[in-house]
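# Remarks on the overall topology
The lines below spell out each chain.
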Amino acid sequence: MKKFFAALVLTALLVSGAYADSVLQIGFENSITEPVGQGLQKWKDLLAARNTGLTIELFPDSQLGNKTDLIDQMLLGEPVMTLADGAFFADYGVPDMGIVFGPFLFANWDECWKLIQSDWWKEQCEKLNEMGIKIIAANWAYGERHTLTTKPVKTVEDLKGLQIRVPTNQIQTKGFEVLGATPVGMSLGDVYTALQQGTIDGGENPLSTLYGRKHHEVAKYLILDGHVLNFTNWICSSMWFDGLTPEQQKALIETGYEAGVYNNELQAKANDYYLDLMKKEGVTVVVPDEKVLEGFRTKAQDFYKLGGTFKWSDGLYDKVKAAMK
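Residues numbered from 1 in each chain as written. Predicted model: local features only at pLDDT ≥ 70, side-chain atom pairs only at ≥ 80, totals over all residues. Heavy atoms only, no water.

## Let's talk about the pattern of salt bridges
Should their charged atoms come close, side chains of opposite charge can pair. Tallying each qualifying case throughout the model produces ten salt bridges. We note a salt bridge from Glu-254 to Arg-50, for which the minimum N-O separation is 3.0 Å. Of the two residues, Glu-254 sits in helix H11 (residues 246–280) while Arg-50 sits in helix H2 (residues 35–50), which places them 204 residues apart along the sequence. The class of Glu-254 is partly exposed, set by a relative accessible area of 31%. One salt-bridge network, in which partners are shared between bridges, spans Arg-50, Lys-250 and Glu-254. (Salt bridge = Lys/Arg side-chain N within 4 Å of Asp/Glu carboxyl O. Helix = DSSP H or I, 4+ residues; strand = E, 2+ residues; numbered from the N terminus. Buried < 20%, exposed > 50% of the residue type's maximum accessible area, 1.4 Å probe, protein only.)

Given below as structure tokens:
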């Protein structure tokens, strides 16, 4: 009988997370050599140094599946993590978060970091948590997203009719529609071949991703439009996170933030580096002046009139702009 009760106590402790070692598998689409990959390696090392029994394993290049697959696993309580943005959160039941991926919303990175400290952001995170998804770290710059094409684009009018690859979500699809392009939802791993075969005319991403995926080999025109300042979020299962010990939870969040700072330093250095490499490898680069950028911004304003389409709450645009000031 004593052994029976001892077994029950031990089982309860293991289920609650106490005494339990745990491995968190982080799956992501990017190469390990990109800044985000190096930031994750830093996170893995920082967490290991805490000796909490919680460790990280890294799976770059979509080895664990695509983002949708991983989020589905999270909702079942699996110990996996991936990066996701507001556009995906909108598709998973928190529509207001989608606005952070709208075109030309942020004027600079400081506005991004102010927004994630705001009460508005915390309210959205709690809504996401209730859906079963926990944001562990949000202070990671993924980069300024630029547009790489097989045909020259010098102004927003040049996007008209071009088939531009976007991630498979409504926000980014509509974001490029208002700019005049024809968006094509597609996995990142399929873009190189699609560009090579002429299935699409271009794609968009930070320079580190465009270069890391070698898209510049098959698309030779780059416009530095910076249509989205892309900060990303590392997410896991709320159920799994709640099963960790308080010490493990604290360590995961704190090291995630610290690794995010490191990642941001790498991203800042990487922009000039990758841009120089792309130029040397035959890419024609357009640096739009203020007049051209204003043309993009003017077109982009139509996106923020689609609140009903996205099921946004009333006055969301003004609320978010106020929260980032």
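Read on for the rest.
## A look at H11
An ideal rise of 1.5 Å per residue puts 51 Å on 35 residues; H11 measures up with 50 Å between its terminal C-alpha atoms. Following H11 by one or two positions, Gly-282 adopts a phi angle in the positive range, close to 95°. (Expected span 1.5 Å × (residues − 1).)

## Structural notes on the nonpolar core
With 55 residues, the main nonpolar core has Phe-106, Trp-121 and Ile-135 as its most contacted residues. Looking at which element gives the most residues to this core, the answer is strand S8 (residues 221–237), with five residues. Those residues within four positions of Phe-106 in sequence are excluded, and the remaining contacts are Val-100, Glu-111, Cys-112, Leu-115, Leu-229, Phe-231 and Met-324. Grouped together as the second largest cluster of nonpolar side chains are 25 residues, Leu-46, Leu-58, Tyr-142 and Ala-259 included. (Core = buried A, V, L, I, M, F, W, Y, C linked by side-chain atoms within 4.5 Å. Contact = heavy atoms within 4.5 Å.)

## Notes on helix H7 (residues 170–178)
Buried residues of H7: Ile-171, Gln-172, Gly-175, Phe-176 and Val-178, and no others. Seen along its axis, H7 keeps its buried residues to an arc of 160°; they face one direction. One or two steps after H7, the chain reaches Gly-180, where phi turns positive at roughly 105°. (Arc of directions from axis to C-beta.)

## Details of the packing of aromatic side chains
What the rule picks out here adds up to 16 aromatic pairs. Centre to centre, the rings of Trp-113 and Phe-231 are 6.2 Å apart; their planes meet at 65°, and the pair counts as edge-to-face. Here the residue Trp-113 occupies a position in helix H5 (residues 109–115), and Phe-231 occupies one in strand S8, the gap between them amounting to 118 residues. Ring geometry for Trp-121 versus Phe-231: centroids 5.6 Å apart, planes at 65°, classification edge-to-face. With Trp-121 in helix H6 (residues 119–130) and Phe-231 in strand S8, this residue pair connects regions lying 110 residues apart in the sequence. The same class applies to Trp-121 as to Phe-231, namely buried. Positioned above the aromatic ring of Tyr-262, the side-chain terminus of Lys-42 is 5.1 Å from the ring centre. (Phe/Tyr/Trp six-rings, centres within 6.5 Å; stacked < 30°, edge-to-face > 60°. Lys NZ or Arg CZ within 6 Å of the ring centre and 35° of its normal.)

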